[in-house]
Amino acid sequence: MLLSIKHVRKSFGNLEVLKDVHMDIEKGDVVVILGPSGSGKTTFLRCLNFLEKADAGEMDFAGMHIDLSHPSTKEITAVRKKTAFVFQGYNLFANKTVLENVTLGLTTGRGMKKGEAEAIARDALQRVGMAERMDYYPSQLSGGQQQRVGIARAMAVKPDVILFDEPTSALDPELVGEVLKVMRDLAKAGTTMIVVTHEMKFARDVATHVIFMDGGVIVEEGTSEDIFEHPKEERTKKFLHRVLCHTYE
Amino acid sequence: MELDYTFMIETFYKVWGGIGTTLGLTALSLIIAAPVAFYMAVLRIKGNLIGSGLTQAYISFVRGTPIILQILLLYSLLPSFLNVVVKSLGSDFNVFDSVDPFWYAVVVFSLNTIALLAEVFRSALLSIPKGQLEAGVSIGLSEFQTYCKVIIPQAMVVALPAVCNITVNLIKGTSLAFLMTVKDVLAIGKIAASYGYNYIESYLDVFIVYLIVCTVIQLAYKFAEQHVGAFRADA
Amino acid sequence: MNSTRVFDPSMIVQVIPDLLSYLDVTLLVAVTSILLGSLLGMILAWARTGRHRVLRWIANGYIYIMRCTPSIVLLFIVFYGLPKLIESMTDYDINDTNRAVFAIITFTLLFGAYISEVFRAAYQAVPKGQYEAAVSIGLSPFQAFRQVMLPQATVIALPNFGNSVINLLKEGALAYTIGLIDMIGKGNLIIAQNFGAYGVEIYLACMIVYWIMTTCIAKGFLRLEEHLDKGQSLRAKNPARAKARMLPVWKNVPSLMRRIQRQG
């Protein structure tokens, strides 16, 4: 088991967004989390990286057993160094070039030498097809290009798992394809990924494991075939019906 | 440190009496400055090279020099200048004895406020999207009408927070009028202070009076902002 | 003041060197206050954005009070009140301390309050996602602040910082009212030596010096902003794009010439 999470709870004021959520991941898994907006999937993902502090929960990861409600600074740093996050709004560092965006986590974050970091960054940028734009600033790139750099930034630190938070939701429709292609390539290369998305075709083709969340709980989970071809729960069926009709119309 | 509280309370009422002068000076300067500043703002946006250039130079000079120097300069200049004008008109009116220095202060602070307000008005006018003018013209209003009915009302709301700032700074700035022997809040406090060397007590009084006045002014502007800004989504 | 004397422009030029020899006092007060005030401003901004409620309350109150206090009143309170306060507490007489010290204390207190607003607003203007992205790739919170937040906040703060510096320089002109012999103090001495004459000329000369200084500072900050701005705004200078724009023109000249020749 690479990563195991149990009993995650989280409330914002009176609103309970996560009610006892769990997840187990093996190396090489591509887990896709589906669900209507407001179902708590993004919050769950953010809790994994401590961008949001859970009210309760446990995590087993990289030989550590962590109480999610009271993580120590050391544990937070350790988890963040072994994971990477791809944001919905890209969040590229506005004051740094494309290359610097990718090397920062290696040099400052992990104390790597600059030359070594740049070699890794070049390779990562090559893989997402952004090697030609290394000296550009984020403001000079399209949304799709920015997100590809965001993925390269996450790949470069060689994390055990990459977390994707709706990576294509902020993009214009014609730019979604280029980002999904990069993600497919990553999955093919055996990268462990947890993806929150609304891209059903991607989920169906790439996911090794699909989780359907609604109202802060996991309603149903299984292989992509289980969920898409033989959904058991009424809520899952309704959701898929609504979304798939819309997508393939 | 022992403060003389009886003196402090007595002086507070004396100092409070200067508030009319302070507020009068502030209000008059704002009222005189506003129309001129608006004209300058329009000149900066639409005026020819000379008009816009001169306005810009004036604004830059006033904003680029300390107000205390503006006071010292005009206070050495205005009375003699006025005297020359009066004498050349053949009147035997005695400028030096008969003109209340309050009026020199009004001139100084008006001239200063013009420059500050002009910049605020200009950026407020520029902040209104061009589509507003185009929409006005498209339904048959003249450009002038569109400015009066649509653009200026919107711009004034945009300008309000900055005008509040200018007002607060102006109130504080009028405390320098004591250099022109105007009897405002600070001047009264200063006189009371030097009488018995109770400096701290009287300046603390002055300080409290300004704190009260500025608080009231800021609340008033906040109230105004909420009412005239009703059409804005974020208001 | 009472004499109706002819204005003498040559006097302006004459006194400027004399006035400039006291400019160092003016600048010393301003620069020291800006440095110490920035430090105070950082602490205040940190307190205001922090989690500690009491600290936040104190910082907010302090800033509000400073915003409502005329600089000259604060200057008088510090100049007359501070020696008395210290004497009553420690039996130590600081009445003979250099007047510049009182001016610096006053302007530090003022500048700290103004500038903390600038710092806080700039820090909060940097999107929160920038911080999240930095820690998500393994930077420590301090590294994220130092490498990602601070550089961006600096560029955002720069125009307002420049404005505050200019305002402080102008407020510094008040220092002569407590008897500090700075540039204006010297100007007043010259006027006194001439029995009240040349007031207009000398004040004008001082104003010209201030005008030049403030204009240069404003220009300087504009340059600095352009220099530090790395792609955050559209105004940014960008080598890649500048090259892209220039190259075609370069390359096109010979081909254009050839085409013209062929047609001829």
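Just so you know, these numbers come straight off a predicted model, no measurement behind them.

**Overview of the interface of chain C and chain B**
Frequently, the measure chosen for interface size is the accessible area removed from exposure when the parts meet. Contacts between the two partners involve 35 residues from chain C and, on the opposite side, 41 residues from chain B. Interface of chain C and chain B: buried area, both sides summed, is about 3600 Å²; carbon and sulfur atoms make up 74% of it. Our count for the chain C to chain B interface comes out at zero salt bridges. Across the contact surface, chain C and chain B share seven residue pairs in polar contact (both at pLDDT 80 or more). Elements represented by at least two residues in the side of chain C that touches chain B include exactly α3 (53-68), α4 (71-90) and α9 (199-228) of chain C. The residue inventory of the side of chain C that touches chain B, partitioned by class, reads 24 nonpolar, eight polar and three charged.

**Some points on the environment of A:Val149**
Residues and elements named next belong to chain A. Among the structural elements, Val149 can be located in helix α5 (residues 143-156). Judged by its relative accessible area of 0%, Val149 falls in the buried class. Along the sequence, Val149 and Val128 sit 21 residues apart, while their C-alpha atoms lie 7.3 Å from each other. Residue contacts for Val149: discarding those within four places in its chain leaves Leu92, Val98, Val102, Leu125, Met130 and Leu141.

**Examining the sheet that holds strand β5 (residues 64-67) of chain A**
Residue and element names in this part refer to chain A. Strand order across the open sheet formed by four strands is β2-β1-β4-β5, with antiparallel pairing between neighbours. Here the strands that pair on one side only, and so sit at the sheet edges, are β2 (15-25) and β5. Each strand of the sheet is rotated relative to its neighbour by a mean of 15 degrees, with strand direction disregarded. Here strand β1 (residues 3-12) pairs with strand β4 (residues 56-61) via five bridges, running antiparallel. Note on β4: the bridge partner recorded for Arg9 is Ala56. Against the sheet, helix α1 (residues 41-48) touches β1, β2 and β4, its axis set at about 60 degrees to β2.

**Regarding the packing of aromatic side chains**
Using the criterion set out here, one finds 20 aromatic pairs over all chains in the structure. Their ring planes at 65 degrees and their centres at 6.2 Å tell us that B:Tyr75 and B:Tyr104 sit as a pair that is edge-to-face. One end of the pair, B:Tyr75, is in helix α4 (residues 67-88); the other, B:Tyr104, is in helix α6 (residues 101-127), with 29 residues separating them in the sequence. B:Tyr104 shares its class with B:Tyr75; the two are buried. Between B:Tyr203 and C:Tyr80, the ring centres sit 5.7 Å apart and the planes meet at 20 degrees, which makes this aromatic pair stacked. With one member in each of two chains, B:Tyr203 in helix α10 (residues 199-228) and C:Tyr80 in helix α4 form a pair that bridges those chains. Judged by relative accessible area, which is 24%, C:Tyr80 ranks as partly exposed. Every member of this aromatic cluster is reached through a ring pair, and the members are B:Phe178, B:Tyr199, B:Tyr203, C:Phe76, C:Phe79, C:Tyr80 and C:Phe102. When the ring centre of A:Tyr136 is taken as origin, the NZ or CZ atom of A:Arg133, which lies over that ring, is 5.3 Å away. Here the guanidinium or amino end of A:Arg153 rests over the ring plane of A:Phe93, the centre of that ring lying 4.7 Å away.

**Remarks on the packing of helix α2 (residues 23-49) of chain C against helix α7 (residues 141-171) of chain C**
Residues and elements named next belong to chain C. Where α2 meets α7, the axes come as close as 10 Å, and the angle between the chain directions of the two elements is 135 degrees. In this view, α2 runs oblique relative to α7, as classed from their interaxial angle. Pair α2 / α7 crosses with right-handed handedness. Here Leu27, Ala30, Ser33, Ile34 and Ser38 of α2 lie close against α7, whose contacting residues are Phe161, Val165, Leu168 and Leu169. Among the residues making up the contact of α2 with α7, the classes are represented as seven nonpolar, two polar and no charged.

**Concerning the pattern of salt bridges**
Evaluation of the coordinates by the stated rule reveals 15 salt bridges over all chains. Here C:Glu132 and A:Arg46 are joined by a salt bridge, their closest N and O atoms 2.5 Å apart. Placement of C:Glu132 in helix α6 (residues 128-136) and of A:Arg46 in helix α1 is noted, with the two residues assigned to different chains. Assigned by exposure class, C:Glu132 and A:Arg46 land together as buried. Note that A:Arg148 is salt-bridged to A:Glu178, the shortest N-O span being 2.3 Å. Within this pair, whereas A:Arg148 is found in helix α5, its partner A:Glu178 is found in helix α6 (residues 173-188), the two being separated by 30 residues in sequence. Classification of A:Glu178 as partly exposed rests on a relative accessible area of 26%. Salt bridges here are not isolated pairs; linked through shared partners, they connect A:Arg46, A:Glu52, C:Lys128 and C:Glu132.

**Quick notes on α3(C)**
When the terminal C-alpha atoms of α3(C) are compared, their 23 Å separation across 16 residues agrees well with the 22 Å that a helix rising 1.5 Å per residue should span. All of the buried residues along α3(C) are C:Ala59, C:Ile63, C:Met66 and C:Cys68. In this fold, the buried residues of α3(C) make contact with α8 (143-173) and α10 of chain B together with α2, α4 and α5 (99-125) of chain C.

Criteria and thresholds
- Residues numbered from 1 in each chain as written.
- Chains lettered and ligands numbered in written order.
- Predicted model: local features only at pLDDT ≥ 70, side-chain atom pairs only at ≥ 80, totals over all residues.
- Heavy atoms only, no water.
- Contact = heavy atoms within 4.5 Å.
- Buried area = accessible area lost by both parts, 1.4 Å probe.
- Salt bridge = Lys/Arg side-chain N within 4 Å of Asp/Glu carboxyl O.
- Polar contact = N/O pair within 3.5 Å; in protein donor to acceptor, adjacent residues only side chain to side chain.
- Helix = DSSP H or I, 4+ residues; strand = E, 2+ residues; numbered from the N terminus.
- Nonpolar A, V, L, I, M, F, W, Y, C, P; charged D, E, K, R; others polar.
- Buried < 20%, exposed > 50% of the residue type's maximum accessible area, 1.4 Å probe, protein only.
- Pairing = 2+ DSSP bridges.
- Axes fitted to C-alpha atoms, helices over the stretch in contact; angles between N-to-C directions.
- Phe/Tyr/Trp six-rings, centres within 6.5 Å; stacked < 30°, edge-to-face > 60°.
- Lys NZ or Arg CZ within 6 Å of the ring centre and 35° of its normal.
- Parallel < 35°, antiparallel > 145°, perpendicular 65-115°, else oblique.
- Left-handed = near helix turned anticlockwise from the far one by under 90°.
- Expected span 1.5 Å × (residues − 1).

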